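Structural overview
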Amino acid sequence: MYTAENYMWGWIFYSTGVVCLLSVFWLLIRKITMSWIKHLLFLLLLVLFLTPVTSYPDNPFLAPAFFVSLYEGLIAQGGDLGFQRGLAPILAVGFFVTFFYVIIRLLLGRFTKSSKAAKS
């Protein structure tokens, strides 16, 4: 069994790898002209790789939900949950991130339009 320090170092190295992957992804999508598509793609990839879930049902330590879902869905034969234990948090967090992004984007758009109209 791993200690809390092992999990912390694992998350540090994993997060570093995700930052490198996201920087390459940003270079790939930088030419998309509509900024809201770029932002949503970036946020959803961030959600996919950084949503945590308990690594084992009886273990308090967290692991990336993407890899827990892959492990339980493809490798683990005893679980009846399969992909669901990791996929459910990813979908929930993805929904809320998208919802709040749209709300914030609409509010910022409304305030910037009204401030530009007031200045002219």
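Below you will find a few notes about this structure. Quantities reported herein were computed from a predicted structural model and do not represent experimental measurements. (Residues numbered from 1 in each chain as written. Predicted model: local features only at pLDDT ≥ 70, side-chain atom pairs only at ≥ 80, totals over all residues. Heavy atoms only, no water.)

Now for the packing of helix H1 (residues 4-29) against helix H2 (residues 35-50). Contact geometry for H1 and H2: axes closest at 11 Å, N-to-C directions at 160°. In terms of axis orientation, H1 runs roughly antiparallel to H2. Once H1 is placed against H2, the crossing between them reads as right-handed. Residues Trp11, Tyr14, Val18, Leu21, Leu22, Phe25, Trp26 and Ile29 of H1 form the contact with H2, whose own contacting residues are Lys38, His39, Leu41, Phe42, Leu45, Leu46, Phe49 and Leu50. (Axes fitted to C-alpha atoms, helices over the stretch in contact; angles between N-to-C directions. Helix = DSSP H or I, 4+ residues; strand = E, 2+ residues; numbered from the N terminus. Parallel < 35°, antiparallel > 145°, perpendicular 65-115°, else oblique. Left-handed = near helix turned anticlockwise from the far one by under 90°. Contact = heavy atoms within 4.5 Å.)

Below, the discussion takes up the environment of leucine 40. As for its placement among the helices and strands, leucine 40 is situated in helix H2. For the pair leucine 40 and threonine 98, spaced 58 residues apart in sequence, the C-alpha to C-alpha distance is 7.0 Å. If we ignore the near neighbours within four places in the chain, the residues touching leucine 40 are Thr98 and Tyr101.

One pass over the structure, following the stated rule, counts 10 aromatic pairs. A ring pair is formed by phenylalanine 95 and phenylalanine 99, whose centres lie 6.3 Å apart and whose planes are at 15°; its orientation type is stacked. On the criterion of helical spacing, the pair formed by phenylalanine 95 and phenylalanine 99 is a turn pair, its members being 4 residues apart in helix H4 (residues 84-119). Joined through ring pairs, the aromatic side chains of Trp11, Tyr14, Phe49, Phe66 and Phe67 make up one cluster. (Phe/Tyr/Trp six-rings, centres within 6.5 Å; stacked < 30°, edge-to-face > 60°.)

This part is about the side chain of serine 69. Residue placement: serine 69 occurs in helix H3 (residues 65-75). Beyond its immediate sequence surroundings of up to four residues, serine 69 is in contact with Gly82, Phe83, Gly86 and Leu87.

Our focus in this paragraph is the pattern of salt bridges. Across all of its chains, the model carries 1 salt bridge by this definition. Residues arginine 85 and glutamate 72 are paired through a salt bridge, measuring 2.9 Å at the closest nitrogen-oxygen approach. Of this pair, arginine 85 sits in helix H4 while glutamate 72 sits in helix H3, and the two are 13 residues apart along the sequence. A residue is classified by how much of its surface remains accessible, and arginine 85, at 12% relative accessible area, is buried. (Salt bridge = Lys/Arg side-chain N within 4 Å of Asp/Glu carboxyl O. Buried < 20%, exposed > 50% of the residue type's maximum accessible area, 1.4 Å probe, protein only.)

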